[in-house]
Amino acid sequence: WPPIISLSEAGGYSFKVGSAELSPAFHDTLVTKTPDYILNYIKKFDVDVIEVVGHTDEQPIANRPSNLDRDLLSVLNSTANVAKLVPADNAGLGLARAVSVVSVLRQDPRLKPYKLIPLSGAQLVNTDETLAVQGARGDIPQRRRIDIRLRKSVPHDATASIAPTPVIAVPMPRPAPKKP
(Lines give C-alpha, C1' and ligand atoms only; values in the text may rest on other atoms or scores of the structure.)
Protein backbone atom coordinates (compact mmCIF):
# COMPACT_ATOMS: atom_id res chain seq x y z
CA TRP A 1 0.00 0.00 0.00
CA PRO A 2 1.18 3.52 -0.65
CA PRO A 3 2.07 5.41 2.52
CA ILE A 4 -0.19 8.16 3.79
CA ILE A 5 1.28 11.61 3.25
CA SER A 6 0.48 13.49 6.45
CA LEU A 7 0.71 17.27 6.53
CA SER A 8 0.09 18.33 10.13
CA GLU A 9 -0.03 21.69 11.78
CA ALA A 10 2.68 20.43 14.13
CA GLY A 11 4.86 19.94 11.03
CA GLY A 12 4.31 23.53 9.90
CA TYR A 13 1.33 22.94 7.60
CA SER A 14 -1.23 25.25 9.16
CA PHE A 15 -4.55 26.91 8.59
CA LYS A 16 -5.96 29.97 10.25
CA VAL A 17 -7.85 28.97 13.41
CA GLY A 18 -11.35 27.73 12.58
CA SER A 19 -10.73 28.42 8.89
CA ALA A 20 -9.77 26.61 5.72
CA GLU A 21 -7.33 29.33 4.65
CA LEU A 22 -3.85 27.96 4.04
CA SER A 23 -0.84 29.66 5.57
CA PRO A 24 1.49 31.08 2.89
CA ALA A 25 4.14 28.44 3.69
CA PHE A 26 1.57 25.62 3.43
CA HIS A 27 0.34 26.95 0.09
CA ASP A 28 3.90 27.17 -1.24
CA THR A 29 4.62 23.58 -0.19
CA LEU A 30 1.43 22.38 -1.90
CA VAL A 31 2.53 24.08 -5.10
CA THR A 32 6.26 23.24 -5.08
CA LYS A 33 6.83 19.95 -3.21
CA THR A 34 3.64 18.01 -2.55
CA PRO A 35 2.82 17.20 -6.21
CA ASP A 36 6.28 15.63 -6.63
CA TYR A 37 5.72 13.40 -3.56
CA ILE A 38 2.29 12.39 -4.85
CA LEU A 39 3.53 11.68 -8.38
CA ASN A 40 6.39 9.59 -7.03
CA TYR A 41 3.96 7.36 -5.12
CA ILE A 42 1.50 7.24 -8.03
CA LYS A 43 4.21 5.80 -10.28
CA LYS A 44 5.60 3.48 -7.61
CA PHE A 45 2.23 1.99 -6.63
CA ASP A 46 0.25 2.40 -9.89
CA VAL A 47 -2.65 4.30 -8.32
CA ASP A 48 -5.01 6.87 -9.79
CA VAL A 49 -7.06 8.25 -6.90
CA ILE A 50 -5.81 10.95 -4.55
CA GLU A 51 -7.94 11.27 -1.41
CA VAL A 52 -7.33 14.43 0.61
CA VAL A 53 -8.70 14.05 4.13
CA GLY A 54 -9.08 17.04 6.44
CA HIS A 55 -8.80 16.38 10.18
CA THR A 56 -9.39 18.67 13.14
CA ASP A 57 -8.91 18.50 16.88
CA GLU A 58 -11.91 18.57 19.20
CA GLN A 59 -12.06 22.29 19.84
CA PRO A 60 -15.70 23.23 19.34
CA ILE A 61 -16.61 25.77 16.70
CA ALA A 62 -18.76 28.68 17.84
CA ASN A 63 -22.41 28.45 16.90
CA ARG A 64 -22.60 29.95 13.41
CA PRO A 65 -24.46 29.22 10.18
CA SER A 66 -22.54 27.29 7.53
CA ASN A 67 -22.29 28.27 3.89
CA LEU A 68 -20.55 25.07 2.73
CA ASP A 69 -23.60 23.72 0.90
CA ARG A 70 -23.70 26.88 -1.17
CA ASP A 71 -20.00 27.73 -1.61
CA LEU A 72 -17.82 24.58 -1.52
CA LEU A 73 -18.04 23.97 -5.26
CA SER A 74 -17.07 27.51 -6.16
CA VAL A 75 -13.90 27.17 -4.05
CA LEU A 76 -13.17 23.75 -5.53
CA ASN A 77 -13.53 25.23 -9.02
CA SER A 78 -11.32 28.21 -8.09
CA THR A 79 -14.06 30.76 -8.77
CA ALA A 80 -14.20 31.84 -5.10
CA ASN A 81 -11.64 32.33 -2.36
CA VAL A 82 -11.45 29.74 0.41
CA ALA A 83 -11.67 32.56 2.98
CA LYS A 84 -15.35 32.76 2.01
CA LEU A 85 -16.10 29.33 3.55
CA VAL A 86 -17.79 29.26 6.96
CA PRO A 87 -18.14 25.78 8.50
CA ALA A 88 -20.54 25.24 11.41
CA ASP A 89 -18.74 22.24 12.90
CA ASN A 90 -15.52 20.21 12.81
CA ALA A 91 -16.83 17.87 10.12
CA GLY A 92 -17.45 20.85 7.87
CA LEU A 93 -14.12 22.42 8.80
CA GLY A 94 -12.27 19.20 7.90
CA LEU A 95 -14.06 19.09 4.54
CA ALA A 96 -13.44 22.79 3.85
CA ARG A 97 -9.73 22.28 4.56
CA ALA A 98 -9.60 19.26 2.25
CA VAL A 99 -11.32 21.32 -0.48
CA SER A 100 -8.78 24.09 0.08
CA VAL A 101 -5.89 21.65 -0.50
CA VAL A 102 -7.59 19.97 -3.48
CA SER A 103 -8.22 23.35 -5.13
CA VAL A 104 -4.47 24.05 -4.99
CA LEU A 105 -3.43 20.57 -6.17
CA ARG A 106 -5.88 20.78 -9.10
CA GLN A 107 -3.82 23.68 -10.46
CA ASP A 108 -0.86 21.37 -11.14
CA PRO A 109 -1.25 20.08 -14.73
CA ARG A 110 0.65 16.89 -13.86
CA LEU A 111 -2.17 15.85 -11.49
CA LYS A 112 -4.99 16.45 -14.02
CA PRO A 113 -5.23 12.78 -15.10
CA TYR A 114 -5.91 11.65 -11.52
CA LYS A 115 -9.06 11.71 -9.40
CA LEU A 116 -8.75 14.21 -6.53
CA ILE A 117 -11.34 13.62 -3.82
CA PRO A 118 -11.78 15.86 -0.73
CA LEU A 119 -13.02 14.11 2.43
CA SER A 120 -13.40 14.93 6.12
CA GLY A 121 -12.24 12.89 9.08
CA ALA A 122 -13.26 15.78 11.39
CA GLN A 123 -12.07 15.15 14.94
CA LEU A 124 -12.83 11.42 14.80
CA VAL A 125 -9.49 9.92 13.70
CA ASN A 126 -6.34 9.94 15.80
CA THR A 127 -2.93 10.25 14.16
CA ASP A 128 -2.43 6.48 14.65
CA GLU A 129 -5.59 5.82 12.58
CA THR A 130 -7.71 4.76 15.57
CA LEU A 131 -11.09 6.23 16.38
CA ALA A 132 -10.86 9.16 18.76
CA VAL A 133 -13.52 7.81 21.11
CA GLN A 134 -11.72 8.75 24.34
CA GLY A 135 -12.14 12.45 23.72
CA ALA A 136 -9.19 14.82 23.87
CA ARG A 137 -10.50 18.37 23.90
CA GLY A 138 -8.00 21.09 23.51
CA ASP A 139 -5.38 22.58 21.25
CA ILE A 140 -3.68 19.53 19.65
CA PRO A 141 -1.72 20.59 16.53
CA GLN A 142 -0.87 16.97 15.54
CA ARG A 143 -4.57 16.17 15.14
CA ARG A 144 -5.15 19.20 12.88
CA ARG A 145 -3.81 17.77 9.66
CA ILE A 146 -4.35 16.84 6.04
CA ASP A 147 -3.78 13.20 5.13
CA ILE A 148 -3.24 12.38 1.47
CA ARG A 149 -4.12 8.77 0.73
CA LEU A 150 -3.53 7.13 -2.63
CA ARG A 151 -5.43 4.17 -4.02
CA LYS A 152 -6.49 2.50 -7.23
CA SER A 153 -9.99 3.26 -8.44
CA VAL A 154 -12.53 0.50 -8.72
CA PRO A 155 -13.13 -0.49 -12.36
CA HIS A 156 -16.66 0.35 -13.50
CA ASP A 157 -17.22 -3.10 -14.95
CA ALA A 158 -16.11 -4.87 -11.75
CA THR A 159 -19.59 -4.57 -10.27
CA ALA A 160 -21.17 -6.10 -13.38
CA SER A 161 -19.52 -9.45 -12.62
CA ILE A 162 -20.69 -9.50 -9.02
CA ALA A 163 -23.92 -11.39 -8.47
CA PRO A 164 -26.59 -9.23 -6.88
CA THR A 165 -27.27 -9.86 -3.21
CA PRO A 166 -30.54 -11.77 -2.90
CA VAL A 167 -33.32 -10.02 -1.02
CA ILE A 168 -34.85 -12.31 1.55
CA ALA A 169 -38.32 -11.42 2.75
CA VAL A 170 -38.77 -12.12 6.44
CA PRO A 171 -42.41 -12.66 7.33
CA MET A 172 -43.56 -10.33 10.07
CA PRO A 173 -46.21 -11.45 12.55
CA ARG A 174 -49.60 -10.01 11.80
CA PRO A 175 -51.49 -8.23 14.53
CA ALA A 176 -54.42 -10.09 15.96
CA PRO A 177 -57.73 -9.06 14.38
CA LYS A 178 -59.76 -6.57 16.43
CA LYS A 179 -62.93 -7.94 17.94
CA PRO A 180 -66.10 -6.06 17.03
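Source: prediction; values computed, not measured.

Criteria and cut-off values
- Residues numbered from 1 in each chain as written.
- Predicted model: local features only at pLDDT ≥ 70, side-chain atom pairs only at ≥ 80, totals over all residues.
- Heavy atoms only, no water.
- Salt bridge = Lys/Arg side-chain N within 4 Å of Asp/Glu carboxyl O.
- Helix = DSSP H or I, 4+ residues; strand = E, 2+ residues; numbered from the N terminus.
- Buried < 20%, exposed > 50% of the residue type's maximum accessible area, 1.4 Å probe, protein only.
- Pairing = 2+ DSSP bridges.
- Axes fitted to C-alpha atoms, helices over the stretch in contact; angles between N-to-C directions.
- Contact = heavy atoms within 4.5 Å.
- Parallel < 35°, antiparallel > 145°, perpendicular 65-115°, else oblique.
- Left-handed = near helix turned anticlockwise from the far one by under 90°.
- Polar contact = N/O pair within 3.5 Å; in protein donor to acceptor, adjacent residues only side chain to side chain.

K.L.:
Got a sec to walk through the pattern of salt bridges? Specific residues and values, please.
P.N.:
Tallied over the entire structure, the rule returns 8 salt bridges. Between R151 and E51 there is a salt bridge, and its shortest N-O distance comes to 2.6 Å. Placement of the pair is R151 in strand β4 (residues 145-151) and E51 in strand β2 (residues 49-55), with a sequence separation of 100 residues. Accessibility expressed as a relative area gives 27% for R151, which makes it partly exposed. Across the pair R70 and D71 runs a salt bridge, and its minimum N-O distance is 2.9 Å.

K.L.:
How would you explain the sheet that holds strand β1 (residues 5-8) if you had to name every residue and give the values?
P.N.:
Strand order in the open sheet formed by 4 strands is β1-β4-β2-β3, with mixed pairing between adjacent strands. The two strands at the open ends of the sheet, each matched to only one other strand, are β1 and β3 (115-122). Along the sheet, successive strands turn relative to each other by an average axial angle of 20 degrees, direction set aside. Here β1 pairs with β4 via 4 bridges, running antiparallel. Pairing of S8 across the sheet is with R145, part of β4. Packed onto the sheet, helix α4 (residues 90-105) meets β2, β3 and β4 and runs at close to 155 degrees relative to β3.

K.L.:
For the packing of helix α1 (residues 24-32) against α4, give the residues involved together with the corresponding values.
P.N.:
Put simply, α1 and α4 touch, their axes get as near as 9 Å, and they point 45 degrees apart. Classified by the interaxial angle, the pair formed by α1 and α4 is oblique. The element α1 and its partner α4 pack so that their crossing is right-handed. Across the interface between the two elements, F26, H27, L30 and V31 from α1 touch V101, V104 and L105 from α4.

K.L.:
Tell me what's going on with the side chain of T29, and back it up with residues and numbers.
P.N.:
Position of T29 among the secondary structure elements: in helix α1. Ignoring anything within four residues of it in the chain, the contact list for T29 reads Y13, T34 and P35.

K.L.:
Describe in detail the environment of H55, supporting the description with residues and values.
P.N.:
Along the chain, H55 falls in strand β2. In the structure, H55 is positioned 40 residues away from L95 in sequence and 8.2 Å away in space, judged by C-alpha atoms. Once residues within four sequence positions are removed from consideration, H55 is found in contact with R97, G121, A122, V125, R143, R144, R145 and D147. A distance of 3.2 Å separates the side chain of H55 from the side chain of D147, its partner in a polar contact.

Worth remembering: the numbers are spatial, not functional.
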